[in-house]
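Analysis of the macromolecular model
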Amino acid sequence: MTSPEQDLPALEARVIALVAQIPPGRVVTYGQLATLAGQPGAARQVGYVMNGLLEGLDLPWQRVINAQGKVSTDKLGFGDIQRGLLAAEGVVFDAAGRCDLGQYQWWPDDAPGQERLL
């Protein structure tokens, strides 16, 4: 059996491919990315991948948020930047800093069942 750390390079490649597909004005959650990448329950590992992507790759990283519909980058010091980028794409946040996942969450066309897995 392999550990999540051993699967990280394969997960990273799948996450990068998925993030590249997220259209403007739409969002996905860390857990959703993990599920779509074939590793349900690996939201934390997706977070590690995303943290590593913030520099060096031209991907729409801002479109990945947490299951509460909030950005998780405040503790890294650029939550306002992420919210601003999303707002510029038309994503609306309420006073609590949440966006409506029912409205903005994106699922690839080939996602099985496209269930609302947060």
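To start, this report covers the structure provided alongside it. (Residues numbered from 1 in each chain as written. Predicted model: local features only at pLDDT ≥ 70, side-chain atom pairs only at ≥ 80, totals over all residues. Heavy atoms only, no water.)

Points about the side chain of threonine 73
We apply this condition: Helix numbers and strand numbers start at the N terminus; a helix is a DSSP run of H or I with at least 4 residues, a strand a run of E with at least 2. Classification of residues uses two cut-offs on accessible area relative to the type maximum, computed with a 1.4 Å probe and protein chains only: under 20% is buried, over 50% is exposed, and between them is partly exposed. Working rule for contacts: check all heavy atoms of both residues, and any pair within 4.5 Å makes them a contact.
Take threonine 73: it is sitting in the loop between β2 (64-65) and α4 (79-88). You can call threonine 73 buried: its relative accessible area is 5%. With residues near it in sequence (within four places) discarded, threonine 73 still touches Trp61, Phe78, Gly79 and Gln82.

Some remarks on the nonpolar core
To be explicit about the condition: Here, nonpolar core refers to any group of buried Ala, Val, Leu, Ile, Met, Phe, Trp, Tyr and Cys residues whose side-chain atoms link them within 4.5 Å.
Membership of the largest hydrophobic core comes to 19 residues, with the highest contact counts inside it found for Val15, Val19, Leu33, Val46, Met50 and Val64. Those elements giving two or more residues to this core turn out to be α1 (8-21), α2 (30-36) and α3 (43-53). Examining the composition of this core, we find that four residues originate from one element, α1, more than from any other. Valine 15 has contacts with Leu33, Ala37, Val46, Val49 and Met50, leaving out every residue within four places of it along the chain.

Observations regarding the environment of glutamine 32
Residue position: glutamine 32 is located in helix α2. Residue classification places glutamine 32 among the buried residues on the basis of a relative accessible area of 0%. Along the chain, glutamine 32 and tryptophan 107 lie 75 residues apart, while their C-alpha atoms are 8.8 Å from each other.

Focus: the pattern of salt bridges
For clarity, the threshold we go by: One speaks of a salt bridge when a side-chain nitrogen belonging to Lys or Arg is within 4 Å of a carboxyl oxygen belonging to Asp or Glu.
All chains considered together, the criterion is met by three salt bridges. Arginine 63 is the salt-bridge partner of glutamate 89, the closest N and O atoms lying 2.8 Å from each other. Residue glutamate 89 is found in the loop between α4 and α5 (101-104), and its partner arginine 63 is found in the loop between α3 and β2; the two are separated by 26 residues along the sequence. We classify glutamate 89 as partly exposed; its relative accessible area is 24%. With a relative accessible area of 10%, arginine 63 lands in the buried category.

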